[in-house]
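For reference, the chains in residue letters:
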Amino acid sequence: FSLTDGDGQSEHLLPVCEDKACQKSAIYLTKLGLDQWIPILQDFRNKDTLWGFVPYQNDKSSTGASFPITLHIGDYNMDGYPDALAILRNTSGSNQQAFLLENVPCNNVSCKSVRRMFKVFWELSDLNQIKDAVVATFFDIYEDGILDIIVLSKGDSNKEFAIHTLKNNFEVDAYFVKVIVLSGLCSNDCPRKITPFGVNQPGPYIMYTTVDANGYLKNGSAGQLSQSAHFALQLPYNVLGLGRSANFLDHLYVGIPRPLGEKSVRKQEWTAIIPNSQLIVIPYPHNVPRSWSAKLYLTPSNIVLLTAIALIGVCVFILAIIGILHWQEK
């Protein structure tokens, strides 16, 4: 599940085969308040070729490896609407590839109620060159907030696998915020005055509110490590795209699961978060949200260097003018 329509609520995504041979595939969506599943992708035809999900073979006698139908979610273009990676096979069974599903505005009647849909990127040359792909997922290889792609493909013998990495060279003036929620635990009793960092934990929920470039309120949310089975391969942090808005995040909320029977919500809020930064949240102690701490890490980009050079240049120019005027007056 992930955010698809920018309202701050998370939705459930369900990739399905509508027949046993997967001749007809679809992706459905539902969320809180909807009493039905809405199709957000049903068109898997590229020119004269019909594609579909790869059906899971639960046959132990089969020699080849079979992988469950799984969508891997990530915002590759940082527009604030998460995209997806999926493994598709043409219906003749002669080719199996990884494809990028872009989150775009809905253009048909079936998905009008949720306003967004997925569109398959058929012509991505780097992905198209990797044949017999079995798993594809997002990964921030350069730790720069831009999600790259990792693809696992199988060889002719079905026993040898190869890992391919594709750098995301999507150039766009967009911003992001990277959030990781740690466990806030020690291996034993925590020493005094030392905040326990721990490791990343499954289950935290992150939500932000900001103002976009047009002045409208924009919400975004995501769950950390929401899935553990079916080759989830999720990142231990969340990269939330902010689009082309360079504004501070007005509010960023972080919540963690609470024990069964406890009624108080474990949630904390931070304000004025700088874009293009990484926020590490330490929820310690778990049951006292006001004591939680957050570390903000900001990696200066080339824009900061260029801005500094421009500022120094302007100052030198002004000083030169002042010096010339002083010299003439003297």
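Residues numbered from 1 in each chain as written. Predicted model: local features only at pLDDT ≥ 70, side-chain atom pairs only at ≥ 80, totals over all residues. Heavy atoms only, no water.

## Thoughts on the sheet that holds strand E17 (residues 249-255)
Turning to step 1, where the next piece is worked out: As summarised here, the arrangement of the four strands in space is E15-E14-E17-E18, forming an open sheet in which the pairing is antiparallel. Each edge of the sheet is formed by a strand with only one pairing partner; in this case those strands are strand E15 (217-223) and strand E18 (267-273). Strand after strand, the sheet turns through a mean of 15 degrees between neighbouring axes, direction not considered.
Turning to step 2, where the next piece is worked out: Sheet topology places strand E14 (residues 205-211) next to E17; five bridges connect them, and they run antiparallel. In the strand pairing of E17, Tyr208 is matched with Leu252. (Pairing = 2+ DSSP bridges. Helix = DSSP H or I, 4+ residues; strand = E, 2+ residues; numbered from the N terminus. Axes fitted to C-alpha atoms, helices over the stretch in contact; angles between N-to-C directions.)

## Quick word on the nonpolar core
Turning to step 1, where the next piece is worked out: If you look at the biggest cluster of nonpolar residues, it comprises 25 residues, and the most contacted ones within it are Ala98, Leu127, Phe138, Ile149 and Val151.
Turning to step 2, where the next piece is worked out: Counting only elements with at least two residues in this core, the list comes to strand E7 (83-90), strand E8 (96-105), strand E10 (133-139), strand E11 (148-154), strand E13 (175-181) and strand E19 (277-282).
Turning to step 3, where the next piece is worked out: In terms of residue count, E10 provides more of this core than any other element does, three residues in total.
Turning to step 4, where the next piece is worked out: No fewer than three residues from each of domain 1 (11-166) and domain 2 (174-299) sit in this core.
Turning to step 5, where the next piece is worked out: If we ignore the near neighbours within four places in the chain, the residues touching Leu127 are Gln97, Ala98, Phe99, Leu100, Ile149, Val151 and Leu166. (Core = buried A, V, L, I, M, F, W, Y, C linked by side-chain atoms within 4.5 Å. Buried < 20%, exposed > 50% of the residue type's maximum accessible area, 1.4 Å probe, protein only. Domains from an automatic or database assignment. Contact = heavy atoms within 4.5 Å.)

## Section: the state of the cysteines
Turning to step 1, where the next piece is worked out: A full pass over the atoms with the stated rule returns two disulfides.
Turning to step 2, where the next piece is worked out: Paired by a disulfide, Cys17 and Cys22 hold their sulfur atoms 1.5 Å apart.
Turning to step 3, where the next piece is worked out: Across a sulfur-sulfur distance of 2.0 Å, Cys106 and Cys111 are joined as a disulfide pair. Of note, the bridge from Cys106 to Cys111 carries an S-S torsion of about 95 degrees and is right-handed in sense.
Turning to step 4, where the next piece is worked out: The class of Cys111 is buried, set by a relative accessible area of 1%. (Disulfide = S-S within 2.5 Å.)

## Considerations on unusual backbone geometry
Turning to step 1, where the next piece is worked out: In this structure, the amide linkage connecting Tyr284 to the following residue, Pro285, adopts the cis form with an omega of -10 degrees.
Turning to step 2, where the next piece is worked out: Examined against the element boundaries, Pro285 turns out to sit in the loop between E19 and strand E20 (293-298).
Turning to step 3, where the next piece is worked out: Not every positive phi belongs to a glycine, and Asp132 is a case in point at roughly 55 degrees.
Turning to step 4, where the next piece is worked out: Structurally, Asp132 is set in the loop between helix H1 (125-128) and E10.
Turning to step 5, where the next piece is worked out: We note that Phe231 has phi near 55 degrees; this positive angle belongs to a residue other than glycine.
Turning to step 6, where the next piece is worked out: Tracing the sequence through the fold places Phe231 in the loop between E15 and strand E16 (238-243).
Turning to step 7, where the next piece is worked out: Residue Phe231 is classed as partly exposed on the basis of its relative accessible area of 44%.

## Re the confidence of the model for the chain
Turning to step 1, where the next piece is worked out: Summarising the model, the chain shows a mean pLDDT of 87, and 93% of its residues fall at 70 or more.
Turning to step 2, where the next piece is worked out: Of all secondary-structure elements in the chain, the lowest mean pLDDT belongs to E15, at 87, while E10 reaches the highest, 94. (pLDDT = per-residue confidence, 0-100.)

## Focus: the pattern of salt bridges
Turning to step 1, where the next piece is worked out: The full count for this structure, using the stated rule, is four salt bridges.
Turning to step 2, where the next piece is worked out: For Glu143, the salt bridge identified is with Lys178, shortest N-O distance 2.7 Å. Here Lys178 lies in strand E13 and Glu143 lies in the loop between E10 and E11, a separation of 35 residues in the sequence.
Turning to step 3, where the next piece is worked out: Looking at Lys178, the relative accessible area reads 3%, which means it is buried.
Turning to step 4, where the next piece is worked out: With its nearest N and O atoms 3.0 Å apart, the salt bridge here joins Arg266 to Glu262.
Turning to step 5, where the next piece is worked out: The class of Glu262 is partly exposed, set by a relative accessible area of 24%. (Salt bridge = Lys/Arg side-chain N within 4 Å of Asp/Glu carboxyl O.)

## Re the UniProt feature "domain: T-cell immunomodulatory protein TIP C2" (unreviewed entry) in the chain
Turning to step 1, where the next piece is worked out: Under the local residue numbering, the UniProt record ascribes the feature "domain: T-cell immunomodulatory protein TIP C2" (unreviewed entry) to residues 196-297.
Turning to step 2, where the next piece is worked out: Between the C-alpha atoms that bound residues 196-297 the distance is 18 Å, and the span itself is 0% helix and 44% strand. (UniProt positions renumbered as here; feature names shortened; annotations may be inferred.)

## Digging into the sheet that holds E16
Turning to step 1, where the next piece is worked out: With mixed pairing, four strands are arranged side by side in an open sheet as E16-E13-E19-E20. The sheet is open, and its two borders are formed by E16 and E20, each paired with just one other strand. Taking each pair of neighbouring strands and ignoring which way they run, the sheet shows an average axis angle of 20 degrees.
Turning to step 2, where the next piece is worked out: Alignment of E19 against E20, held across six bridges, turns out to be antiparallel. The partner of Leu279 across the bridge, within E20, is Leu296.

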